Amino acid sequence: MIEIGDLRFSYDEGDFSLEIPQLKVADGETVAIVGPSGSGKTTLLNLIAGTATPQSGRVTTNGYKISELHDAARRDFRIANIGLVFQEFELLEYLNVLDNILLPYRINRTLQLGTSVRARAEAIAERVGIGDKLSRYANQLSQGEKQRVAVIRALVVQPPLLLADEPTGNLDPLNKDRVLDILFQYANDNAATLITVTHDHNILHRFQRVIDFKDFYIHATQQRLESIAEPM
Ligand code: ADP
Ligand code: MG
């Protein structure tokens, strides 16, 4: 369960600010977030994942007040609980596909990398059609293959929460369906929560709920007006 309340966030630089009076996402829910470019969708994912900290308000992710954890605890929590699929894949060029997939195990000391994990990584790679490319380097992969590696890396620790930032953004229709099938099948099999930022309206029907970023601004403005209108 994710719960956000009375959140206000702005970056140190620039004049962008985000206000979210309330947002709740239930365990196991599949949610698409839509909104224009620059409206703060990636920022919201970072706030949920704890890579950005709000100036005020609450962010609770899987029962943890993520904004109150210390840096190291927050990082360990994130790697063990949240599968992140980045907009730009964020694969490491000097690692091969298998090592990119297993990266969470190398950077989080609370995760144990054993033979069962390797077998799981190989099995998922096989299922999504890149089982024969595990020893290739990132620059030897197509966009669609890179995106699948990024998705497998997000799934390999079996997190209860998946955050995907425009995971189908650079893909042709076939690879788009493949990536979405992987995400939805994982969420379904593991009762995991899936939050996906997208601007692809053709895929919205697959989600249980669609959150339009415009709504936050409307609510935020309404709340401000109400507080102004309150009698002294
Ligand atoms: P979206 O994902 O909806 O396109 P973002 O969350 O990436 O939007 O960005 C929202 C706004 O915040 C944009 O105006 C962007 O320029 C600004 N922004 C993003 N990251 C930073 C940063 N690190 N410092 C300052 N401004 C930023
Ligand atoms: Mg973005």
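All of the points below concern the structure found in this document. Numbering of residues begins from 1 in every chain and follows the order in which that chain's sequence is written. Think of it this way: whatever chain is written first is A, whatever ligand is written first is 1, and the rest follow in order. For a predicted model such as this one, the threshold for reporting local features is a pLDDT of at least 70, and the threshold for listing and counting side-chain atom pairs is 80 or more; totals across whole chains, interfaces and linings nevertheless cover every residue. Each side-chain value is derived from all of the structure's non-hydrogen atoms; neither hydrogens nor water enter the calculation.

## Some points on the packing of aromatic side chains
Any two rings among Phe, Tyr and Trp, with Trp reduced to its six-membered ring, count as a pair given centres within 6.5 Å; such a pair is stacked if its planes are under 30 degrees apart, edge-to-face if over 60, and tilted if neither. A complete count under the given rule lists four aromatic pairs for this structure. Taking 4.8 Å as the distance between ring centres and 85° as the angle between the ring planes, the aromatic pair formed by F9 and Y11 counts as edge-to-face. Ring geometry for Y64 and F77: centres 4.7 Å apart, planes at 55°, overall tilted. Taken together, the positions of Y64 in strand 5 (residues 64-65) and F77 in helix 2 (residues 71-81) put the pair 13 residues apart, joining distant regions of the chain. On the basis of relative accessibility, which here comes to 43%, the residue Y64 falls in the partly exposed class. These aromatic residues form a ring-pair network of at least three members: F9, Y11 and F16. The numbering of helices and of strands both runs from the N terminus, where a helix is a DSSP run of H or I of at least 4 residues and a strand a run of E of at least 2. With a 1.4 Å probe rolled over the protein chains alone, any residue whose accessible area is under 20% of its type maximum counts as buried; one over 50% counts as exposed, and the rest are partly exposed.

## Some words on the pattern of salt bridges
A pair is scored as a salt bridge if a Lys or Arg side-chain nitrogen falls within 4 Å of a carboxyl oxygen belonging to Asp or Glu. Scanning the entire structure with this criterion turns up eleven salt bridges. We note a salt bridge from E3 to K24, for which the minimum N-O separation is 3.8 Å. Of the two residues, E3 is situated in strand 1 (residues 2-10) and K24 in strand 2 (residues 17-25); the sequence distance between them amounts to 21 residues. Here R206 ties to D181 by a salt bridge, and the two come within 2.7 Å at their closest N and O atoms. With a gap of 25 residues between them, R206 in the loop between strand 8 (193-197) and strand 9 (209-212) and D181 in helix 7 (residues 173-190) connect regions that are remote in the sequence. Overall, the relative accessible area of 26% leaves R206 in the partly exposed class. On the basis of relative accessibility, which here comes to 38%, the residue D181 falls in the partly exposed class.

## What to know about the sheet that holds strand 5
Strand order in the open sheet formed by four strands is 2-1-4-5, with antiparallel pairing between adjacent strands. Because the sheet does not close on itself, it has two edges, and the strands there are strand 2 and strand 5. By the convention used here, strands pair only if DSSP detects at least 2 bridges between them. Where strand 4 (residues 56-61) meets strand 5, two bridges bridge the pair, whose relative direction is antiparallel. For T60, the partnering residue across the bridge sits in strand 5 and is K65. Residues count as neighbours in contact if any of their non-hydrogen atoms are within 4.5 Å of one another. Between N-to-C directions, angles span 0 to 180 degrees; the directions come from axes that are lines fitted to C-alpha atoms, helices contributing only their stretch in contact. Sitting on the sheet, helix 1 (residues 41-49) touches strand 1, strand 2 and strand 4, and the angle it makes with strand 1 is about 120°.

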